[in-house]
Amino acid sequence: MTFWANLIGYQIVWFSAIIGAGRGLWWPGVIAAAVFIPMHLGFARQSAAQRSIDVRLLVIAVFIGLLLDGAVAASGFARYAASTLTLLPGGAPVWILAVWASFGLTLRHSMIFLLGRPTVALLFGALGGPLAYLGAARGWQAISFVEPRWMALLTLAIGWGLAIPLLTALAHRWSALATASIQT
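The shown structure was predicted, so the numbers you read here are calculated from the model rather than taken from an experiment.

Asks: So what about the overall build of the protein chain? Which residues, and what values?
Replies: Along the protein chain, the regular secondary structure elements total 6 helices and 2 strands. Overall, the protein chain shows an N-to-C arrangement of helices and strands of α-α-α-β-α-α-β-α. Taking 16 Å as the expected radius of gyration for a compact globule of 184 residues, we find that the protein chain reaches 16 Å, a close match to that expectation. Reported as C-alpha extents along the three principal axes, the dimensions of the protein chain are approximately 55 × 30 × 30 Å. Residue burial in the protein chain is summarised as follows: out of 184 residues, 47% are buried. For the protein chain, contacts bridging at least 24 residues in sequence account for 71% of all contacts bridging at least 6. Carbon and sulfur atoms provide 72% of the accessible area of the protein chain, an area that totals close to 9100 Å².

Here is the structure:
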């Protein structure tokens, strides 16, 4: 999948999930992800080893989403709209996990500029993560923060500030190993 197709596909999932959740619907983001993920895995010009890397990143991203958004929800720092369907009681709603799954597929494609750059990845996550949640809150009411709002934003900044460097380090390492095994 090309840079632009990956970026646009992910944005379609993000907007579908956020706008749907803001309207009380969990399924638009899940359906968008259910279309994007197989399209990405099926149409990306990559080997089976590279496809395997994307699948592993998707799984780890969902796990991080379960932990991070689950902690934010369980702590009471924020309330997620359309949270009637969760994998764990009181945890992250499925629509946000669909966003995490789709995000995992951007790391070696439209977010490739973060690979091998841990400081940039940390800053990108610590700033971009909370800003995306603020946009979802203010633009579409997909999430609401409990006062003091800074507690939720700090939790998200720390979580995303750790998640993105971890995910990009794994993507970078696994990609290098796949390339090395092809060359030998």
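Asks: Give a description of the nonpolar core that names residues and reports values.
Replies: The biggest cluster of nonpolar side chains holds 45 residues, and the ones touching the most others in it are Trp 95, Trp 100, Tyr 133 and Phe 145. When contributions to this core are tallied by element, the ones reaching two or more residues are helix H1 (3-22), helix H3 (48-75), strand S1 (78-80), helix H4 (94-104), helix H5 (118-140), strand S2 (143-145) and helix H6 (149-183). Top element by residues in this core is H6. It accounts for 10 residues. The contact partners of Trp 95, leaving out residues within four places of it in the chain, are Ala 17, Ile 18, Ala 21, Trp 26, Val 30, Tyr 80, Ala 81, Ala 82 and Ala 142. Membership of the second largest hydrophobic core comes to 13 residues, among which are Ala 32, Ala 33, Ile 37 and Ala 44.

Asks: Residue-level account of the environment of Ala 132, with values.
Replies: Note on placement: Ala 132 falls in helix H5. Owing to a relative accessible area of 28%, Ala 132 belongs among the partly exposed residues under this scheme. A C-alpha to C-alpha distance of 16 Å links Ala 132 and Thr 106, two positions 26 residues apart in sequence.

Asks: Residues and numbers for the pattern of salt bridges, please.
Replies: Under the criterion given, the structure shown has 1 salt bridge. In this structure, Arg 108 engages Asp 54 in a salt bridge whose closest nitrogen and oxygen atoms are separated by 2.9 Å. Residue Arg 108 is located in the loop between H4 and H5, and its partner Asp 54 is located in helix H3; the two are separated by 54 residues in the primary sequence. Taken as a pair, Arg 108 and Asp 54 share a single burial class, namely buried.

Asks: Lay out the environment of Arg 79 in plain terms, naming residues and giving numbers.
Replies: Within the fold, Arg 79 resides in strand S1. With a relative accessible area of 56%, Arg 79 lands in the exposed category. With 77 residues separating them in the primary sequence, Arg 79 and Thr 2 have C-alpha atoms 35 Å apart. Aside from chain neighbours lying at most four places away, what touches Arg 79 is Ala 142, Ile 143, Ser 144 and Val 146.

Asks: I'd like a rundown of the side chain of Ser 102, residues and numbers included.
Replies: With respect to the helices and strands, the residue Ser 102 is situated in helix H4. Overall, the relative accessible area of 0% leaves Ser 102 in the buried class. The contact partners of Ser 102, leaving out residues within four places of it in the chain, are Tyr 10, Val 13, Ala 33, Phe 36 and Ile 37.

The rules behind the values
Residues numbered from 1 in each chain as written. Predicted model: local features only at pLDDT ≥ 70, side-chain atom pairs only at ≥ 80, totals over all residues. Heavy atoms only, no water. Helix = DSSP H or I, 4+ residues; strand = E, 2+ residues; numbered from the N terminus. Rg over C-alpha atoms; globule rule 2.2 N^0.38 Å. Buried < 20%, exposed > 50% of the residue type's maximum accessible area, 1.4 Å probe, protein only. Contact = heavy atoms within 4.5 Å. Areas by Shrake-Rupley, 256 points an atom, 1.4 Å probe, with all protein chains shown as cover. Core = buried A, V, L, I, M, F, W, Y, C linked by side-chain atoms within 4.5 Å. Salt bridge = Lys/Arg side-chain N within 4 Å of Asp/Glu carboxyl O.

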